Each structure stands twice: as structure tokens, then as C-alpha cells.
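Residue-level structure breakdown
In case you want the letters, here they are:
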Amino acid sequence: MKVLLLGIGNVLYADEGIGVHFVNYIAENYTFSHENDQLDITDGGTLAQALIPIICQYDYLIVVDTVNAKDVQPGQVYFFDFDKAPAEIDWQGSAHEVEMLQTLNMMDMVGDRPKTYILGVTPTVLEPMTLGLTPLVEAAVPLMEKTLLAHLNRLNFSFERIKSTDINSLIPESYKRGVTYNEEY
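Cut-offs applied
Along each chain, numbering runs from 1 in the same order as the chain's sequence is written. Where local features are concerned, this predicted model is filtered to residues with pLDDT of at least 70; where side-chain atom pairs are given and counted, the filter is 80 or more; whole-chain, interface and lining totals use all residues. Heavy atoms throughout the structure, all of them, feed into the side-chain values; hydrogens and water do not. For the purposes of this entry, the term helix denotes a DSSP run of H or I that reaches at least four residues, the term strand denotes a run of E that reaches at least two, and both are numbered from the N terminus. Exposed residues in this analysis have more than 50% of their type's maximum accessible area, buried residues have under 20%, and partly exposed residues fall in between, with area computed by a 1.4 Å probe over protein chains only. Interaxial angles span 0 to 180 degrees and are taken between N-to-C directions of axes, which are lines fitted to C-alpha atoms, for helices over the stretch in contact. Any angle between 65 and 115 degrees counts as roughly perpendicular, while under 35 counts as roughly parallel, over 145 as roughly antiparallel, and the rest as oblique. Two helices crossing with the near one rotated counterclockwise from the far one by less than a right angle form a left-handed crossing, whereas a clockwise rotation gives a right-handed crossing. Contacts are assigned to residue pairs with any non-hydrogen atoms lying within 4.5 Å of each other. Throughout, the ten residues Ala, Val, Leu, Ile, Met, Phe, Trp, Tyr, Cys and Pro are labelled nonpolar, Asp, Glu, Lys and Arg are labelled charged, and all others, Gly among them, are labelled polar.

Here A48, not a glycine, exhibits a phi torsion of approximately 45°, which is positive. Inspection of the secondary structure puts A48 in the loop between β3 (38-45) and α2 (52-55). What makes A48 buried here is its relative accessible area of 3%. Within the chain, D71 stands out as a residue other than glycine whose phi angle is a positive 60°. Topologically, D71 is positioned in the loop between β4 (60-66) and β5 (77-81). Residue class for D71 comes out exposed when judged on its relative accessible area of 83%.

Attention shifts here to the packing of helix α1 (residues 18-29) against helix α4 (residues 135-154). The geometry of α1 relative to α4 is characterised by a closest axis approach of 11 Å and an angle of 55° between their N-to-C directions. Taken together, the axes of α1 and α4 are oblique relative to one another. In this structure, α1 meets α4 at a crossing whose hand is right-handed. Contacts between α1 and α4 involve I18, F22, Y25 and I26 from the former and V137, V141, M144, E145 and L148 from the latter. Across the contact of α1 with α4, the residue classes break down as eight nonpolar, no polar and one charged.

Spatial relationships are all this shows, so hold off on functional conclusions.
Next comes the structure, spelled out in C-alpha cells:
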């Protein structure tokens, strides 16, 4: 089985960048292994539909992103099967959230969407040209990390923490990372 951990977000809009920052943090701090399966970690930025050729190559997808929910405080962490989204999730936050939802729905319509889970956190600030996370969203990172590692463990992935790099130390360089395309795509 091929598993994709995909971070989505705009790093120039404060908490909106949590998906990107989080997958970069996981890639920096952990190595993963599995007897038969493959885990790839990708910063998808705000590409949404442009990610379809990449996503459809996988059997299993974990999207890390902001999620909006009615009557929920900022920093609340959600982890759910995309096909069984909690009722309070409204998908009406940033423009890219709607685009990613549309992308996943389009892939579903043509039968290309892999089994999909969402690891999300409700944002505090979505301000243009603000690089970094607010304290409430930054405080959610350990729970997001624990949730992701537990889920990957249930999929029989082994992991080893190889560094203790803080997520904030990765943020200044996050705009330089991203999806790299090659001839396979």
C-alpha cells in the first residue's frame, strides 16, 4: 500500500500554513518504515487540483490542513475519515479548503480518490503576509503529532524520532519547500 501524508495550506497566512508546517516538521523529526508499505510526505501548498496526478498514485491519503467547525474554539484538533466528516465541519474557511474539498470530491466522482483521512486544526488567524502560527494552533501540534503517529502505528508503520526540531524553527524556510514535479507526474 502506498500512503501519502499531504500538508495543505498557505504559509503566508499565519495558521493557514499549519498543514505545510506540520508535514515539514514530521519529515524533519521522524523516519518511517514498513515491511511492505510506503509512506511519502509532501508539502502540497495551495495546489489542490494540480495535486490530482500525485494523489491518484496512492492507495491511502492523510491530508493535514486547517478545518473550520461551528461553535469550536481555535486550536481544536480533528482527525476523521473523509467519508464520515463530523457534522460541525463546514469546509467554508479559506479558499484553498473549498478547493481541496472540491478536488477530493472530483477524484471521488471518477474513482481516483484513495481512502482519505483528514488531520485538521481550527485556525485562529488567517492574516495575509503573516508567517508563523498563533499560540493556540502551535499548542495543538503535540496532539496532532500524537494522533498521526498513533494512526500510522495502526497501519503498522514503525517510526523513529531522529531529531527534536521545533516547528517554529522550520517556518522561516517553509516557503522554499514544496512539491517537486518530475516526469512521472
